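Structure assessment
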Amino acid sequence: MELLRRWWKPIALLTLLAYPWIYRAPYYHLLGFNVLLFAMMATSWNIMGGYTGYKSLGHSAFYGLGAYLVAVAANELGWNPLVSAPFLAVIVALVAVLLGWIMLRTSGSAFVISTIAMLLIFRLVALNLREITKGAPGLSQPLPPWSPEFSRMPFYYYILFWLLIALFISWYIRRSRFGLGLVAIRDDEGKAEMVGVNTTLYKVLAFGISAYFVALGGGVWSYFTSHISPVFAFDIIVGVDMILMTMLGGLGTLWGPVLGAFILVPAGDFILFTFGSNTIYLAIIGGLMMLVIIFMPRGILPTIAEWIENRRAPRIAHEGAHSMAEMYDQSKGKTVAEDESSHERTASH
Amino acid sequence: MHLPSWNVLIQVIIIGILTGGVYALMATGLTLIFGVMRVINVAHGAFLIFSAYISYWMFTIFGLDPFLSIIVSVPVLFLIGLIFQRFVLSRVKGDPGLGVLLTFAMALTLEGVMGSLWESTGRSIRTAYTSEVLAIELSGLTLRLPWVRIGGLVAAAIALAAIYFFLKNTNLGRAIRATIQNRSAAQLMGVNVESVQALTFGLGLATVAGGGALFSLIWTFNSGSHEEWISKMLSIIVLGGMSSLPGTFLAALIMGVTESVAAVVMTSYLSPIVFYLILFLTLIFRPQGLFGVRIREG
């Protein structure tokens, strides 16, 4: 247990690095890519939905915008998608900052609705700007130059690299003053404002950052599938998947979104294979989301951490010597976060 | 973009008003539910499609006229609403964003179930009178109005009048209005807020069942259509001021006419964008809508 706690991160990383060489069938590469892609995007969504508490249902808008920017740049300007995606995602993040600056005047359910409206507007525009997007049939782009057998391996490592970056940023934000401000906004926006947090600036920045990796994911995905259309690029379900993964793993924790992606992407594939139907997949995803919201709104990691805490508490009082709970502490989950923000509040009084 | 002739424009506006009446009935339940629960029921569109499917089934299997199929769909949806609020939605307290996510999850579940039951083919009901048209000659103008639309408006008006009478003159109606105005005060006055909430959700879905029956006569639908329709209903109630019933009615008429005119002025592909833009702009620049409360924090 002790060993596992100390070494799980390097072990996990090595496993992920070795994975495509152990499981060589193309399907496993596809699965691995999807898991890492969604882990990255859920981590990104979590910065807004988890840390700040503003739950956007419209993040697919940034996914689709990233996908289209990368595809158009590849077709018209000949830019290599894997090089251009991180830069074009900056543009999407700026768009998100601009829209966020308007939309974040609302909160709660009004905010959720405005994000849905944003997504639907994006989709309609993509459907109708036929000169650029080719409308409903969609847009193709050149296939990767490397051999088809390995075509998925570079994507896998590329997205693994960006997942690590996203995790680092999420971790860094959470332990910074900025992150404390975000959590304070989630817990009580009025009080946060009173103690001197520039709430508008913080929220808008968090929205932009959380759009960045989703846009990057969309860009990489568009190169990966090589054909995109408005209905799939601006599919609300992509955003729903990010939310569900984050909430299942642990809303507002560092590792929760990753855990959620590692559970739900394979589970989703399993459901699709077993039933072979999109509609049953929808029903199961929806049902699961309802169960998570009702019975485990905090997610797996915080629930397990609390359970272990309660079980161990009488014997080992202050050691916290258990991997899950410490993982949770490191991720600066809710309890720690509340302690800190209340410290900050008392400090500034 | 092109401007239509007067003849066409007047026809389009009247059709828009007829459509707006049906929109009003569809969106009334959403307004009631938001007023009492302070939760935006994103599953409203899915329930609308679901009740349209019930009417479709009643028509294809038993040959029951959609106007009459409400004797099945209204009680069914009332019960579903009662149960959903009492045992599911009431468990989520505090964060209104979470309530929205929950109803959204319900919409997805329903979409999946409906898609499995009825596949993704677009359905619509064609009765003997579907293509009948009322032609009116008015000082040189010829108006051609489909009977289905006129029947839709009349049925919607009757249903809305019944709801209005119910809210004004019954004890439960008073309790619902009191809860909309001030939940804690209502509770202090002895209103059992929990039952009122469950009954309101049931009532809200019962009205959407009525809307769904009319809907199935006029529009083509499949399990995925709810996304488009919930956006329309949301823009209506946001424009109307969220918990105001007269506001909803007026906004529904405005939206019906705007959409109808936009469809001839712009392409009909792009015309739904009018809804989303109005929704977006109202939320941001006039969150209290036409008449109503500010809901930025809703």
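Here the residue numbering is sequential within each chain, running from 1 through the sequence in written order. The naming scheme follows written order: chains are lettered A onward, ligands numbered 1 onward. Two thresholds apply to this predicted model, a pLDDT of at least 70 for residue-level local features and 80 or more for giving and counting side-chain atom pairs, whereas whole-chain, interface and lining totals are computed over all residues.

Comments concerning the overall build of chain B
Helix and strand counts for chain B stand at eleven helices and two strands. Helices (α) and strands (β) of chain B occur, in sequence order from the N terminus, as α-α-α-α-β-β-α-α-α-α-α-α-α. Only C-alpha atoms enter the radius of gyration, while the globule expectation follows 2.2 Å times N to the 0.38, with N the number of residues. Scaling as 2.2 N^0.38, a compact globule of 298 residues should have a C-alpha radius of gyration of about 19 Å, and chain B matches this with 19 Å. Counting only C-alpha atoms, chain B reaches 60 × 45 × 35 Å along its principal axes. Counting over 298 residues, chain B shows a buried share of 52%. By definition, residues are in contact whenever their C-beta atoms, placed on the basis of the backbone, come within 7 Å of each other. The long-range fraction of contacts in chain B, counting pairs at least 24 apart against all pairs at least 6 apart in sequence, stands at 78%. Helix and strand definitions follow DSSP, with helices as H or I runs of at least four residues and strands as E runs of at least two, each counted in order from the N terminus. Three exposure classes are used, all based on how many other C-beta atoms lie within 10 Å of a residue's own C-beta (placed from the backbone): buried at 20 or more, exposed at 12 or fewer, and partly exposed between those limits.

Brief notes about the overall build of chain A
From N to C terminus, chain A includes 17 helices and two strands. Relative to its 349 residues, chain A shows a buried fraction of 51%. Intrachain contacts of chain A at a sequence separation of at least 6 include 78% that bridge at least 24 residues.

Structural notes on the confidence of the model for chain B
Residues and elements named next belong to chain B. With 96% of its residues at a pLDDT of 70 or more, chain B shows a mean pLDDT of 85. At the low end of the mean pLDDT range in chain B sits strand β1 (residues 133-138), at 76; at the high end sits helix α3 (residues 70-88), at 92. Both scores are available for the predicted complex, with the pTM at 0.84 and the ipTM at 0.84. Each residue gets a pLDDT score, which is the predictor's confidence in that residue and runs from 0 to 100.

Examining the pairing of strand β2 (residues 141-146) of chain B
Residues and elements named next belong to chain B. In terms of burial, β2 is a largely surface element, zero of the six residues being buried. As paired elements, β1 and β2 share six bridges and run antiparallel to each other. Among the inter-strand pairings, I136 is bridged to a residue of β2, identified as L143. A pair of strands is treated as paired once DSSP finds two or more bridges between them.

Describing the interface of chain B and chain A
Counting residues at the interface gives 40 residues for chain B and 37 residues for chain A. When contributions to the side of chain B that touches chain A are tallied by element, the ones reaching two or more residues are α4 (96-118), α9 (226-240) and α11 (272-285) of chain B. For the side of chain B that touches chain A, the element with the highest residue contribution is α4 of chain B, accounting for 17 residues. A per-class count over the side of chain B that touches chain A returns 26 nonpolar, nine polar and five charged. The nonpolar class holds Ala, Val, Leu, Ile, Met, Phe, Trp, Tyr, Cys and Pro. Asp, Glu, Lys and Arg form the charged class, and all remaining residues, Gly among them, are polar.

A closer look at the packing of helix α3 (residues 60-77) of chain A against helix α4 (residues 81-103) of chain A
Helix packing geometry: the angle between the two helix axes and the distance between the axes. Residue and element names in this part refer to chain A. In this analysis, axes come from line fits to C-alpha atoms, helices being fitted only over the stretch in contact, and the angle between any two N-to-C directions falls in the range 0 to 180 degrees. Here α3 crosses α4 at 135 degrees, and the two axes come no closer than 9 Å. In terms of axis orientation, α3 runs oblique to α4. Seen along the crossing, α3 lies across α4 with a hand that is right-handed. Counting all contacts with α3, which are made through F62, L65, G66, L69, V70, A73 and A74, the residues of α4 involved are P81, S84, A85, L88, A89, I91, V92, V95 and A96. Orientation categories follow fixed angle ranges, with anything under 35 degrees roughly parallel, anything over 145 roughly antiparallel, 65 to 115 roughly perpendicular, and all other angles oblique. When the near helix sits turned anticlockwise from the far one by under a right angle, the crossing is termed left-handed; a clockwise turn instead gives a right-handed crossing.

Remarks on the packing of helix α8 (residues 177-187) of chain A against helix α10 (residues 199-225) of chain A
Residues and elements named next belong to chain A. Relative to each other, α8 and α10 sit at 105 degrees, their axes nearing to 10 Å. With respect to α10, the axis of α8 lies roughly perpendicular. Contacts from F178, G181, L182 and I185 of α8 reach α10 at T199, Y202, K203 and A206. In terms of residue class, the contact of α8 with α10 is made up of five nonpolar, two polar and one charged.

So, the confidence of the model for chain A
When pLDDT is averaged across chain A, the result is 84; 88% of the residues are at 70 or more. Element-level pLDDT for chain A is lowest in helix α17 (residues 334-348) of chain A, with a mean of 42, against a maximum mean of 94 in α10 of chain A.

Let's talk about the nonpolar core
All names here are of chain A. For the purposes of this analysis, a nonpolar core is taken to be any set of buried Ala, Val, Leu, Ile, Met, Phe, Trp, Tyr and Cys residues that are connected through C-beta atoms within 7 Å. Counting 208 residues, the largest nonpolar core has I159, A215 and L244 as the members making the most contacts within it. If one sorts the elements of this core by residue count, α10 sits on top with 16 residues. With near-sequence residues (within four places) excluded, A215 lies in contact with F62, Y63, L65, G66, A89, V92 and A93.

Observations concerning the environment of D188 of chain A
As for its placement among the helices and strands, D188 of chain A is situated in the loop between α8 and α9 (189-194). Note: C-alpha distance between D188 of chain A and W7 of chain A (181 residues apart in sequence) is 37 Å.

Quick notes on unusual backbone geometry
Even without being glycine, S226 of chain A reaches a positive phi, approximately 65 degrees. Taking the number of C-beta atoms within 10 Å as the measure of exposure, S226 of chain A has 16 and is therefore partly exposed. Although it is not a glycine, R38 of chain B sits at a positive phi angle of roughly 60 degrees. Here R38 of chain B is to be found in the loop between α1 (6-37) and α2 (44-62).

Structural notes on the environment of I163 of chain B
Take I163 of chain B: it is sitting in helix α5 (residues 147-169). Owing to 20 C-beta atoms within 10 Å, I163 of chain B belongs among the buried residues under this scheme.

Comments concerning α3 of chain B
Residues and elements named next belong to chain B. If you check α3, its first and last C-alpha atoms are 25 Å apart, about what 19 residues at 1.5 Å a residue would give, namely 27 Å. Looking only at α3, the buried set comprises I70, S73, V74, L77, G81, L82, F84 and Q85. Down the axis of α3, the buried side of the element spans an arc of 165 degrees, and every buried residue falls inside it. Summarising the geometry of α3, the exposed residues directed more than 90 degrees from the buried face are I71 and F87. Every helix has an expected span of 1.5 Å times one less than the residues it contains. To obtain the arc, one takes the directions from the helix axis to the C-beta atoms.

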